[in-house]
Amino acid sequence: MPKMKTKSSAKKRFKLTGTGKIKRKHAFKSHILTKKTKKQKLALTHSTLVHEADEKNIKLQLRLL
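Residues numbered from 1 in each chain as written. Predicted model: local features only at pLDDT ≥ 70, side-chain atom pairs only at ≥ 80, totals over all residues. Heavy atoms only, no water.

Under the annotation held in an unreviewed UniProt entry, the protein carries the name Large ribosomal subunit protein bL35 and is attributed to Salinimicrobium profundisediminis. Taken verbatim from the UniProt record of the protein, the Sequence similarities (unreviewed entry) comment is "Belongs to the bacterial ribosomal protein bL35 family." (UniProt positions renumbered as here; feature names shortened; annotations may be inferred.)

J.: Help me understand the side chain of lysine 36, please; the structure alone is not making it clear to me.
T.: By the secondary structure assignment, lysine 36 is in the loop between strand 2 (22-24) and helix 2 (38-45). Summary of buried charges: lysine 36 has no salt-bridge partner, and the nearest side chain of opposite charge, aspartate 54, is 20 Å away. For lysine 36, the side chain forms a polar contact with the main-chain oxygen of histidine 31, separated by 3.5 Å. Within the structure, the side chain of lysine 36 is placed 3.2 Å from the backbone oxygen of isoleucine 32, a separation counted as a polar contact. (Helix = DSSP H or I, 4+ residues; strand = E, 2+ residues; numbered from the N terminus. Buried < 20%, exposed > 50% of the residue type's maximum accessible area, 1.4 Å probe, protein only. Lys, Arg positive; Asp, Glu negative; His and termini not counted. Salt bridge = Lys/Arg side-chain N within 4 Å of Asp/Glu carboxyl O. Polar contact = N/O pair within 3.5 Å; in protein donor to acceptor, adjacent residues only side chain to side chain.)

J.: Help me understand the environment of glutamate 52 in this model?
T.: Along the chain, the position of glutamate 52 falls in helix 3 (residues 52-61). Judged by relative accessible area, glutamate 52 falls into the exposed class, the value being 69%. For the pair glutamate 52 and lysine 21, spaced 31 residues apart in sequence, the C-alpha to C-alpha distance is 9.0 Å.

J.: Where do I start with unusual backbone geometry in this structure?
T.: Peptide bonds are trans in most cases, and residues, glycine excluded, mostly fall at negative phi. A positive phi angle, near 55°, is found at isoleucine 32, a position not held by glycine. When you line up the elements, isoleucine 32 lands in the loop between strand 2 and helix 2. For isoleucine 32, a relative accessible area of 45% corresponds to the partly exposed category. Unlike most non-glycine residues, arginine 63 shows phi in positive territory, near 60°. Along the chain, arginine 63 turns up in the segment after helix 3. Note on arginine 63: relative accessible area 37%, which makes it partly exposed.

J.: Help me out: how do you make sense of the environment of threonine 34 in this one?
T.: Take threonine 34: it is sitting in the loop between strand 2 and helix 2. Relative accessible area serves as the criterion here: at 79%, threonine 34 is assigned to the exposed category.

J.: I would appreciate a short explanation of the nonpolar core in the present structure.
T.: A general trend in soluble globular proteins is that nonpolar side chains are found buried together. Judged by nonpolar contacts, Ala10, Phe14, Ile22, Val50, Ile58 and Leu62 together constitute the single largest core of six residues. Here leucine 62 is in contact with Thr6, Ala10, Lys11 and Phe14, once residues within four sequence places are set aside. (Core = buried A, V, L, I, M, F, W, Y, C linked by side-chain atoms within 4.5 Å. Contact = heavy atoms within 4.5 Å.)

Quick look at the structure:
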């Protein structure tokens, strides 16, 4: 039986917090920033948590379940 490998894309995008939640970064911050407001760009800078509905799929990709 081969080893269970994590998805490379998932391990680059998500981190686990101390309480077991999954941290992610916001999208839409890489280019075409001239039309976005300063407030919008600042909000996209900060990281956030993954929604509860998506947690199971991400944990499967990271092989945590």
